[in-house]
Amino acid sequence: MRMNLPVTEHERTFPQDQRLISTTDLNSRITYCNDAFVAISGFTYDELVGQPHNLVRHPDMPPAVFGHMWDTIKQGKPWMGVVKNRAKNGDFYWVSAYVTAVYENGRISGYESVRSVPSREQIRRAEKLYARLRAGRSPVPLAARLGHGIGHGWPLIGAGLLSAAAYLWFPPYAALGVLMASLLAAWYVVEHRQNQSIRRTLEEHPKAFTSPLVALTYSDNPGLQGQLDLAIISEEARLQTALTRLVDAGVGVKSRAAQSAGLSDAQAQMLDRQRSETDQSATAIAQMAATIQQVTHNV
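Quick caveat: nothing in here was measured; it's all calculated off a predicted structure.

What counts and what doesn't
- Residues numbered from 1 in each chain as written.
- Predicted model: local features only at pLDDT ≥ 70, side-chain atom pairs only at ≥ 80, totals over all residues.
- Heavy atoms only, no water.
- Helix = DSSP H or I, 4+ residues; strand = E, 2+ residues; numbered from the N terminus.
- Areas by Shrake-Rupley, 256 points an atom, 1.4 Å probe, with all protein chains shown as cover.
- Core = buried A, V, L, I, M, F, W, Y, C linked by side-chain atoms within 4.5 Å.
- Buried < 20%, exposed > 50% of the residue type's maximum accessible area, 1.4 Å probe, protein only.
- Contact = heavy atoms within 4.5 Å.
- pLDDT = per-residue confidence, 0-100.
- Pairing = 2+ DSSP bridges.
- Axes fitted to C-alpha atoms, helices over the stretch in contact; angles between N-to-C directions.
- Patch = residues over 30% accessible without salt bridge, like charges linked within 9 Å, V, L, I, M, F, W, Y side chains within 5 Å.
- Salt bridge = Lys/Arg side-chain N within 4 Å of Asp/Glu carboxyl O.
- Phe/Tyr/Trp six-rings, centres within 6.5 Å; stacked < 30°, edge-to-face > 60°.
- Lys NZ or Arg CZ within 6 Å of the ring centre and 35° of its normal.
- Expected span 1.5 Å × (residues − 1).

Let's shift gears to the overall build of the protein. Regarding its fold elements, the protein presents 8 helices and 5 strands. For the protein, the succession of helices and strands along the chain, N to C, is β-β-α-α-α-β-β-β-α-α-α-α-α. Total accessible area on the protein is roughly 18,300 Å²; 59% of this is exposed by carbon and sulfur atoms.

Quick look at the structure:
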């Protein structure tokens, strides 16, 4: 993994409505980047184009995150994630990146990344997750995993314990114990059905990006609910990416149109000069012809 040093503790930011755009070839070499990306990176356009995209990688980013990204986009699927980048002078800036494959003639020819400003909550989650990954620890703390597992199974466990306690130690309250046990069991059934519904929703929308690992940076909800939150966020990012591409293409077309208009103006001015020079030449020829006639007459 490339280690870009030195680094500083100074954070750079960019406006909420701004998008950082870059494209790469299949070997991850930058083929294009917009002015906003150039400005925050601290590099010049010429220093970026043709270079590996990991030129802006921050050493705090775990290799596993980029490994997950490449495994995803090489399959032609979109990838989304909160990424910490490094500027030329060592400053850092956070982005919420949405990466997609670029197709030509039905085959992947490169990749495009459109980045927006992540929320402070997303950055907070990413910092905690990446610290755990760099330390070689599990993405989810053991206590959280146990709590999540118990959270899914405790209604049935509680129902069984309440029923047994009611019958063994509190016979007068047996009916109440059975009622509470039934409510807990019903709660479990409802939660189980909700998870099934979320799973079907995710399966019915395969283009929506979802990942248990990345969901930890975009949502505080565990399990399938967190993945559903990520899927909704990724769909919004997909639409925003499409709009950003249109705007960026429009800027390019406008720039080329301005260049064409400038060339047309220059050609029109040149034609005017040529016409003026032609008129002057015609006048000079007429004067010369008149002079020749006078000379002939005198002769």
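What follows deals with the nonpolar core. By size, the foremost hydrophobic cluster in this structure holds 42 residues, and its most contacted members are Leu20, Leu48, Trp79, Tyr93 and Tyr130. Broken down by secondary-structure element, the contributors of at least two residues to this core are β2 (30–33), α1 (35–41), α3 (63–73), β3 (79–86), β4 (92–104), α4 (120–134), α7 (212–218) and α8 (223–298). The element best represented in this core is β4, accounting for 8 residues. Apart from the residues within four sequence positions on either side, leucine 48 is in contact with Ile30, Cys33, Phe37, Val38, Ser41, Phe43, Leu55 and Val56.

This next bit is on the confidence of the model for the protein. Predicted confidence across the protein gives a mean pLDDT of 82, with 76% of residues reaching 70 or more. pLDDT under 50 marks residues 142–150. Its contacts with residues more than four places away, or in other chains, come to 4 contacts.

On to the sheet that holds β3, then. An order of β2-β1-β5-β4-β3 is seen for the 5 strands of this open sheet, with the pairing classed as antiparallel. Lying at the two open borders of the sheet, with one neighbouring strand each, are β2 and β3. Neighbour-to-neighbour, the strand axes of the sheet open up by a mean angle of 30 degrees, direction not taken into account. Each of β3, β4 and β5 (107–116) touches α3; the most contacted strand, β3, lies at about 140 degrees to it. Sheet contacts for α4: β3 and β4; angle to β4, the most-contacted strand, approximately 85 degrees.

Counting buried positions along β4 yields 10 of 13 residues, so the element is predominantly enclosed. The pairing of β3 with β4 spans 8 bridges and is antiparallel. The partner of methionine 80 across the bridge, within β4, is tyrosine 98. Connecting β3 to the next strand, β4, in antiparallel fashion are 5 residues, including glycine 90 with a positive phi near 100 degrees.

Now for a nonpolar patch on the surface. A contiguous nonpolar patch, built from Met3, Leu5 and Val7 and spanning about 290 Å² of accessible area, is present on the exposed surface. Within the secondary structure, valine 7 sits in the segment before β1 (20–25).

We now examine the side chain of glutamine 227. Tracing the backbone shows glutamine 227 in helix α8. Assessed through its relative accessible area of 16%, glutamine 227 is described here as buried. Dropping the residues within four chain positions of it, glutamine 227 is found in contact with Leu202, Thr210, Ser211, Pro212 and Ala215.

On to the packing of aromatic side chains, then. Enumeration according to the criterion identifies 3 aromatic pairs in this entry. With a centroid separation of 5.5 Å and 85 degrees between ring planes, the pair formed by tryptophan 70 and tyrosine 111 is classed as edge-to-face. Here tyrosine 111 lies in strand β5 and tryptophan 70 lies in helix α3, a separation of 41 residues in the sequence. Assessed through its relative accessible area of 7%, tyrosine 111 is described here as buried. Ring plane angle 20 degrees and centroid distance 6.4 Å describe the contact between tryptophan 94 and tyrosine 130, whose orientation is recorded as stacked. Taken as a pair, tryptophan 94 in strand β4 and tyrosine 130 in helix α4 lie far apart in primary sequence, 36 residues in all. A relative accessible area of 4% places tryptophan 94 in the buried class. What makes tyrosine 130 buried here is its relative accessible area of 4%. Positioned over the ring face of phenylalanine 66 is arginine 57, at 4.1 Å from the centre of the ring. The aromatic ring of phenylalanine 92 is capped on one face by lysine 84, whose charged end is 4.5 Å from the ring centroid.

In this section: the pattern of salt bridges. Between side chains of opposite charge, a pair can form as their charged atoms come close. The final tally for this structure, using the stated rule, is 8 salt bridges. Aspartate 91 serves as the salt-bridge partner of arginine 12, at 3.2 Å between the closest nitrogen and oxygen. Highlighted residues: arginine 12 in the segment before β1 and aspartate 91 in the loop between β3 and β4, separated in sequence by 79 residues. Between glutamate 47 and lysine 88 there is a salt bridge, with the nearest N and O atoms lying 2.9 Å from each other. Highlighted residues: glutamate 47 in helix α2 (residues 45–48) and lysine 88 in the loop between β3 and β4, separated in sequence by 41 residues. Beyond isolated ion pairs, a larger network of salt bridges with shared partners links Glu121, Arg124, Arg125 and Asp220.

The next subject is α4. Here α4 is 15 residues long and its end C-alpha atoms lie 21 Å apart, about the 21 Å a rise of 1.5 Å per residue gives. Here α4 has its buried residues at Gln122, Ile123, Arg125, Ala126, Leu129, Tyr130, Arg132 and Leu133. Contacts made by the buried residues of α4 are with α3, β3, β4 and α7. Phi turns positive, to about 75 degrees, at glycine 136, one or two residues after α4.

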